[in-house]
Amino acid sequence: MALLTTLPNIGPTLAKQLQAVAITTPEQLKSTGSKVAFTAIKKANPHACIRYKAQLRIALTHSYHRQLAKI
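Cut-offs used in this document
Residues numbered from 1 in each chain as written. Predicted model: local features only at pLDDT ≥ 70, side-chain atom pairs only at ≥ 80, totals over all residues. Heavy atoms only, no water. Core = buried A, V, L, I, M, F, W, Y, C linked by side-chain atoms within 4.5 Å. Buried < 20%, exposed > 50% of the residue type's maximum accessible area, 1.4 Å probe, protein only. Contact = heavy atoms within 4.5 Å. Axes fitted to C-alpha atoms, helices over the stretch in contact; angles between N-to-C directions. Helix = DSSP H or I, 4+ residues; strand = E, 2+ residues; numbered from the N terminus. Parallel < 35°, antiparallel > 145°, perpendicular 65-115°, else oblique. Nonpolar A, V, L, I, M, F, W, Y, C, P; charged D, E, K, R; others polar. Left-handed = near helix turned anticlockwise from the far one by under 90°. Arc of directions from axis to C-beta.

A word on the nonpolar core
Residues Ile10, Leu14, Leu18, Leu29, Ile41 and Leu56 are the most contacted members of the largest nonpolar core, which totals 15 residues. If near-sequence neighbours (up to four positions away) are discounted, Leu14 is found in contact with Asn9, Ile41, Tyr52, Gln55 and Leu56.

Following this line, the structure appears as structure tokens:
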């Protein structure tokens, strides 16, 4: 079982937020998707940073911020 922190842009804090909403592996995150995962985090923690949304997307697409701006 791989750790969430093996994905790019997923550090210990974001991994902890994901685990709090029952997303514990990269495979679960991929099947859930970044938008649904962020919505779940935001629902569980209304003060969650909006940057998590971009970090999750980067983790799943392995893209950088500049590349995401073009999408």
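A word on the packing of helix H1 (residues 12-20) against helix H4 (residues 51-61)
Viewed as axis vectors pointing N to C, H1 and H4 meet at an angle of 90°, and their least axial separation amounts to 12 Å. With respect to H4, the axis of H1 lies roughly perpendicular. Seen from H1, the contacting residues are Thr13, Leu14, Gln17 and Leu18; seen from H4, they are Tyr52, Gln55 and Leu56. Its residues assigned to classes, the contact of H1 with H4 comprises four nonpolar, three polar and no charged.

Details of the packing of helix H3 (residues 34-44) against H4
Here H3 crosses H4 at 145°, and the two axes come no closer than 9 Å. The interaxial crossing formed by H3 with H4 has right-handed handedness. Between H3 and H4, the residues in contact are Ser34, Ala37, Phe38 and Ile41 and Tyr52, Lys53, Leu56, Arg57 and Leu60, respectively. For the contact of H3 with H4, the class distribution of residues is six nonpolar, one polar and two charged.

A few points about H1
In an α-helix there are 3.6 residues to a turn, and that puts residues three or four apart on one side. Within H1, burial applies to Leu14, Ala15, Gln17 and Leu18. When H1 is viewed along its axis, its buried side chains cluster within an angular range of 160° and face the same direction. With respect to the buried face of H1, the exposed residues turned more than 90 degrees away are Pro12, Thr13, Lys16 and Ala20. Immediately downstream of H1, the backbone of Ala22 shows phi near 70°, a positive value.

Side note on H4
Every buried residue of H4 is listed here: Tyr52, Leu56, Ile58 and Ala59. The buried residues of H4 occupy one face: seen down the axis, they fall within an arc of 165°. The first or second residue beyond H4 is His62, which carries a positive phi of 55°.

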